[in-house]
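A look at the structure
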Amino acid sequence: MTLVNRGHGDADALLESAIQHLVGSTVPRDLGRARALLRDAAAQGQQDAATMEIALVANGSGAPADWGHALRLLEALAPRNDAAARQMALLQRMTLRDDGMPATMGPPERLCESPEICRYPGFASAEECAHLAAAAQDLLAPAMVAHPVTGALIAHPIRTSDTAVLGPTREDLVVQALLRRIAAASGTRTEQGEPLNILRYAPGQQYRLHSDALPQTRNQRILTALLYLNDGYGGGATAFPDLELDVAPRAGDLLLFANTLPDGRPDPVARHAGLPVTRGTKWVATRWIRADRYDVWNPVG
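Note that the structure is a prediction, hence the values are computed from the model and not measured.

**Some remarks on the layout of surface pockets**
- For the second largest pocket, the calculated volume is near 600 Å³.
- For the second largest pocket, the lining is made up of 22 residues, of which Ala83, Gln87, His131, Ala135 and Asp172 are closest to its centre.
- Put simply, the parts of the chain that give the lining of the second largest pocket at least two residues each are α3 (47–59), α5 (82–92) and α6 (126–136).
- At 6 residues, the largest contribution of residues to the lining of the second largest pocket is made by α3.
- Tallied by class, the residues present in the lining of the second largest pocket amount to 9 nonpolar, 6 polar and 7 charged.

Here it is in structure tokens:
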């Protein structure tokens, strides 16, 4: 049973029903049905439904991904929605192919051979970095970590930042263009990435020494991509103590490193830490990349 019981023309009820079908709590999850309900609500002027539909069309939730269709929907929404208009303006400043992938990619700086650690200077513009930080503002909450045995997310003092996860309905086209750029830099498919995490560190906050590889998983985190969203703060370097390597954060730089050995086992020397921030606020976006496709709607191992 759905919530569409206040009249067929009720766009808000259509949106509520779409969300139920996305969440799959009171009704079985049905991404295709959710997409159809969002389309109906958007057609009646429900702008939240329109923005959610655009995200799902582009990332392939409930149907094959279609960047061109999503872009046309965003263009149609932009004249009556300020956020959509800002996204369009930012997308127009990107150099993109017809599928949303980057048309060009600058070369990386290789910081370490084993494990492979690369830095892409100026990977994202100041506007793009600001967009990611703004997208997370209403979602920020104390960060969680994976339990070392079960893998379940738990609160833990090892990671004292605030964090926000940009799930599939929050992946606007600017976010998705950046995710495609990360996929191109890492030589992986966009579908291998977990949802983007946005982290905010205040003075004294840090991410103590840890490995991004997960325990007891069939689909390991083989790579980590860290995008530094700002600079001008004190501390906050990314440290690899076993390699005697500290990477200073610079706004717009992407740090990409391997978490596993060639045989797929976690690489112990890939352990790293986000050193304490001493002044100001540090913002960073993290994308963990799996060995195979990661289904955010049905995450398994």
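**Some thoughts on empty space enclosed by the protein**
- Using the criterion set out here, one finds 2 cavities of 30 Å³ or more in the structure.
- One number sums up the size of the largest cavity: a volume of about 160 Å³.
- As for the largest cavity, its lining consists of 18 residues, of which Tyr201, Tyr207, Leu226, His272 and Thr286 are closest to the centre.
- When contributions to the lining of the largest cavity are tallied by element, the ones reaching two or more residues are β7 (196–201), β8 (207–210), β9 (221–228), β14 (272–274) and β16 (282–290).
- For the lining of the largest cavity, the element with the most residues is β16, which contributes 4 residues.
- Its boundaries defined by the atoms lining it, the second largest cavity holds a volume of some 30 Å³.

**With respect to the nonpolar core**
- Of all hydrophobic cores here, the largest spans 47 residues; its most connected members are Leu132, Ile198 and Leu229.
- A per-element tally of this core places helix α7 (residues 173–186) first, with 8 residues.
- For Leu229, the residues in contact, after removing those within four places along its chain, are Cys129, Leu132, Ala133, Ile198, Ala251, Trp283, Val284 and Ala285.
- By size, the runner-up hydrophobic cluster in this structure holds 15 residues, among which are Ile117, Tyr228, Leu245 and Val284.

**Some details on the sheet that holds strand β11 (residues 238–240)**
- With antiparallel pairing, the 4 strands of this open sheet are ordered in space as β8-β14-β11-β12. Of all the strands in the sheet, the pair left with one neighbour each is β8 and β12 (245–247). When the angles between neighbouring strand axes are averaged without regard to direction, this sheet yields 10 degrees.

**Topic: the packing of helix α4 (residues 67–77) against α7**
- The contact between α4 and α7 brings their axes to 11 Å, and the two run at 150 degrees. In terms of orientation, α4 and α7 fall into the roughly antiparallel class. Here α4 and α7 pass one another in a crossing that is left-handed. Touching Trp67, Ala70, Leu71 and Leu74 of α4 are Leu173, Gln176, Ala177 and Arg180, all from α7.
- Across the contact of α4 with α7, the residue classes break down as 6 nonpolar, 1 polar and 1 charged.

**Re the confidence of the model for the chain**
- In this model, the chain carries a mean pLDDT of 93, and residues with pLDDT of at least 70 account for 92%.
- Counting interchain partners and residues more than four positions distant, the pLDDT-below-50 stretch residues 1–8 has 18 contacts.

**Things to note about the environment of Arg265**
- Along the polypeptide, Arg265 turns up in the loop between β13 (254–258) and β14.
- For the pair Arg265 and Gln220, spaced 45 residues apart in the sequence, the C-alpha separation amounts to 8.6 Å.
- If sequence neighbours within four positions are ignored, Arg265 has contacts with Asn259 and Thr260.

**Some words on the sheet that holds strand β1 (residues 109–112)**
- Read across the open sheet, the 8 strands follow the order β1-β2-β13-β9-β16-β7-β6-β3; overall the sheet is antiparallel. Since the sheet does not close on itself, it has two edges, and those belong to β1 and β3 (141–142), each with one partner.
- Note that β7 and β16 share 5 bridges and pair antiparallel. Note that in β16 the partner of Asn197 across the bridge is Thr286.
- On top of the sheet, α6 reaches β6 (162–166), β7, β9 and β16; it is set at about 85 degrees to β7, its chief contact.

Calculation criteria
Residues numbered from 1 in each chain as written. Predicted model: local features only at pLDDT ≥ 70, side-chain atom pairs only at ≥ 80, totals over all residues. Heavy atoms only, no water. 1 Å grid on protein atoms, 1.4 Å probe; cavity = no way out; pocket = protein on both sides within 12 Å on 5 of 7 lines; lining within 4 Å. Points joined across faces, edges and corners; volume = space filled by probe spheres on them. Helix = DSSP H or I, 4+ residues; strand = E, 2+ residues; numbered from the N terminus. Nonpolar A, V, L, I, M, F, W, Y, C, P; charged D, E, K, R; others polar. Core = buried A, V, L, I, M, F, W, Y, C linked by side-chain atoms within 4.5 Å. Buried < 20%, exposed > 50% of the residue type's maximum accessible area, 1.4 Å probe, protein only. Contact = heavy atoms within 4.5 Å. Pairing = 2+ DSSP bridges. Axes fitted to C-alpha atoms, helices over the stretch in contact; angles between N-to-C directions. Parallel < 35°, antiparallel > 145°, perpendicular 65-115°, else oblique. Left-handed = near helix turned anticlockwise from the far one by under 90°. pLDDT = per-residue confidence, 0-100.

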